[in-house]
Amino acid sequence: MMNYFYLAIALAGGLLKGFAGKKVSRDVSTFRDGVYINLMRCALCAVPGFVLLVWMEGWSGFLQSGTGWLISCASALCTAVFAIAWLYAFQSEAYMFLSVFTMLGSILTGILGALVYGDPVGINKVLGMVLLVAAVFFMSLYNKKLTGVITRRGMVTLILGALGSALADFMQKVYNVETVHSAYTFSFYTYFLPILPQLLLVMLLKGQERQKILSDRRHMVIYALMSAGLYANMLSKTLAAAHMSAALMYPLLQGANLITSAILARILLKEKLTPAGLAGMALALTAIVLMNL
């Protein structure tokens, strides 16, 4: 039961970070802007991560094995790639299409869990994954109706974002299996480690003028909300990954995210659901049911 409680927190956090990211993406005009926003997000995630780590594990929680450091670095890199790519994708694609495209990443996470760690993948889960792929096809038609044909840049950002999300999620599984360290240690370093490299990158990209509005009060509030959702999503998934198979957990979470995102996208972003969009959601719902039988 606790695992589903963790997934509920992860779902709420994912929705918060997604809608905050959609809001701030409108003001991204250069690569430097994207790195700056993710730098702010990582810094704001590292603060509660530090506090929780000291509170739950003590100062010894900052110690890691060599394996722990490698996995944490891989997680930090994948998470940063996902976050920056998605900022660009938010600018040109319908929010619901992004939600469904991320589900493809969850399929990759489940497949990796089965191949590397032998997570059980029955016929129901395989059929569910096939239906999720079909759901992406229908949602691409829905996206085309709202935003037009996907550009080459849009496709690259979608692929990078989906791969980054899938591998970042898989690192949660790897960390739980390969180390004895806690989820609090992993979550803290996932956001702390990219701070210095991104700070240096922002300084090196001086030729790209950063918009001053990105540092105003409104944006700081958005960063805080986005970071709170991001950290809650990351920590809760890592806690749940210790006891759930990747083939069940990640597609289930992304499927639930699709349904709730559709409701919020209609209410908050005024995205109109087309017949193709409804078909995509119906397929995703059927996939969720199949994967939980």
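Residues numbered from 1 in each chain as written. Predicted model: local features only at pLDDT ≥ 70, side-chain atom pairs only at ≥ 80, totals over all residues. Heavy atoms only, no water.

## Looking at the overall build of the protein
When you go through the protein residue by residue, the secondary structure sums to eleven helices and zero strands. Listing each helix as α and each strand as β along the protein from the N terminus yields α-α-α-α-α-α-α-α-α-α-α. For the protein, with 293 residues in total, the buried portion stands at 55%. Taking as baseline every contact in the protein between residues at least 6 positions apart, the subset at least 24 positions apart corresponds to 90%. A total of about 13,000 Å² of accessible surface is found on the protein, and carbon and sulfur atoms cover 73% of it. (Helix = DSSP H or I, 4+ residues; strand = E, 2+ residues; numbered from the N terminus. Buried < 20%, exposed > 50% of the residue type's maximum accessible area, 1.4 Å probe, protein only. Contact = heavy atoms within 4.5 Å. Areas by Shrake-Rupley, 256 points an atom, 1.4 Å probe, with all protein chains shown as cover.)

## Section: the packing of aromatic side chains
The geometry of an aromatic ring pair comes down to the distance between the two centres and the angle between the two planes. Inspection of the entire model under this criterion finds twelve aromatic pairs. A ring pair is formed by Phe5 and Tyr6, whose centres lie 6.3 Å apart and whose planes are at 50°; its orientation type is tilted. Ring geometry for Phe62 versus Phe188: centroids 5.5 Å apart, planes at 90°, classification edge-to-face. Here Phe62, found in the loop between helix H2 (31-57) and helix H3 (66-92), pairs with Phe188, found in helix H7 (residues 183-192); they are 126 residues apart in sequence, far enough to count as distant. Each member of the pair, Phe62 as well as Phe188, is classed as buried. An aromatic cluster of at least three residues, connected via ring pairs, comprises Phe50, Trp59, Phe62, Trp69, Phe188, Tyr189 and Phe192. (Phe/Tyr/Trp six-rings, centres within 6.5 Å; stacked < 30°, edge-to-face > 60°.)

## Description of a nonpolar patch on the surface
Taken together, Val121, Ile123, Val126, Leu127 and Val130 make up a surface patch of nonpolar side chains, about 410 Å² in accessible area. With respect to the helices and strands, the residue Val130 is situated in helix H5 (residues 123-147). Overall, the relative accessible area of 52% leaves Val130 in the exposed class. (Patch = residues over 30% accessible without salt bridge, like charges linked within 9 Å, V, L, I, M, F, W, Y side chains within 5 Å. Salt bridge = Lys/Arg side-chain N within 4 Å of Asp/Glu carboxyl O.)

## Looking at the environment of Leu258
Mapped onto the elements of the fold, Leu258 is located in helix H10 (residues 246-268). Considering only alpha carbons, one finds Leu258 and Thr102, 156 residues apart in sequence, at a separation of 9.4 Å.

## Section: the pattern of salt bridges
All chains considered together, the criterion is met by one salt bridge. In this structure, Lys237 and Asp169 form a salt bridge, with 2.7 Å as the shortest nitrogen-oxygen distance. Of this pair, Lys237 sits in helix H9 (residues 217-241) while Asp169 sits in helix H6 (residues 152-178); the two residues are 68 residues apart in sequence, bridging distant segments of the chain. The exposure class assigned to Asp169 is buried, which follows from its relative accessible area of 4%.

## Some details on the nonpolar core
Counting residues in hydrophobic clusters, the biggest one holds 38 residues, and the most contacted among them are Leu7, Tyr191 and Met249. Secondary structure elements with two or more residues in this core: helix H1 (2-25), H2, H6, H7, H9 and H10. The dominant element in this core, judged by the number of residues it contributes, is H9, at seven residues. With residues near it in sequence (within four places) discarded, Leu7 still touches Ala240, Met244, Met249, Leu252 and Leu253. (Core = buried A, V, L, I, M, F, W, Y, C linked by side-chain atoms within 4.5 Å.)

## Topic: the packing of H6 against H9
Two quantities define a packed helix pair, namely the angle between the helix axes and the distance between the axes. Between H6 and H9, whose axes approach to 9 Å, the crossing angle comes to 45°. Of the possible angle classes, the one that applies to H6 and H9 is oblique. Judged by the twist between their axes, the crossing of H6 over H9 is right-handed. Of the residues in H9, those touching H6 at Asp169, Gln172, Lys173 and Asn176 are Met234, Lys237, Thr238 and Ala241. (Axes fitted to C-alpha atoms, helices over the stretch in contact; angles between N-to-C directions. Parallel < 35°, antiparallel > 145°, perpendicular 65-115°, else oblique. Left-handed = near helix turned anticlockwise from the far one by under 90°.)

## As for the side chain of Lys237
According to the relative accessible area criterion, Lys237 is buried, its value standing at 7%. A distance of 2.7 Å separates the side chain of Lys237 from the side chain of Asp169, its partner in a polar contact. Filtering out sequence-adjacent residues up to four positions away, Lys237 remains in contact with Ala10, Asp169, Gln172, Met249, Tyr250 and Leu253. (Polar contact = N/O pair within 3.5 Å; in protein donor to acceptor, adjacent residues only side chain to side chain.)

## Thoughts on the state of the cysteines
A complete count under the given rule lists zero disulfides for this structure. This cysteine, Cys42, is not joined by any disulfide, and Cys45 carries the nearest cysteine sulfur, 6.6 Å off. (Disulfide = S-S within 2.5 Å.)

## Observations concerning the environment of Leu132
Tracing the sequence through the fold places Leu132 in helix H5. The exposure class assigned to Leu132 is buried, which follows from its relative accessible area of 1%. Taking the C-alpha atoms as reference points, Leu132 and Ile107, 25 residues apart in sequence, are found 8.3 Å from one another. When sequence neighbours within four positions are dropped, the list of residues in contact with Leu132 reads Met103, Ile107, Pro251, Ala284, Ala287 and Met291.

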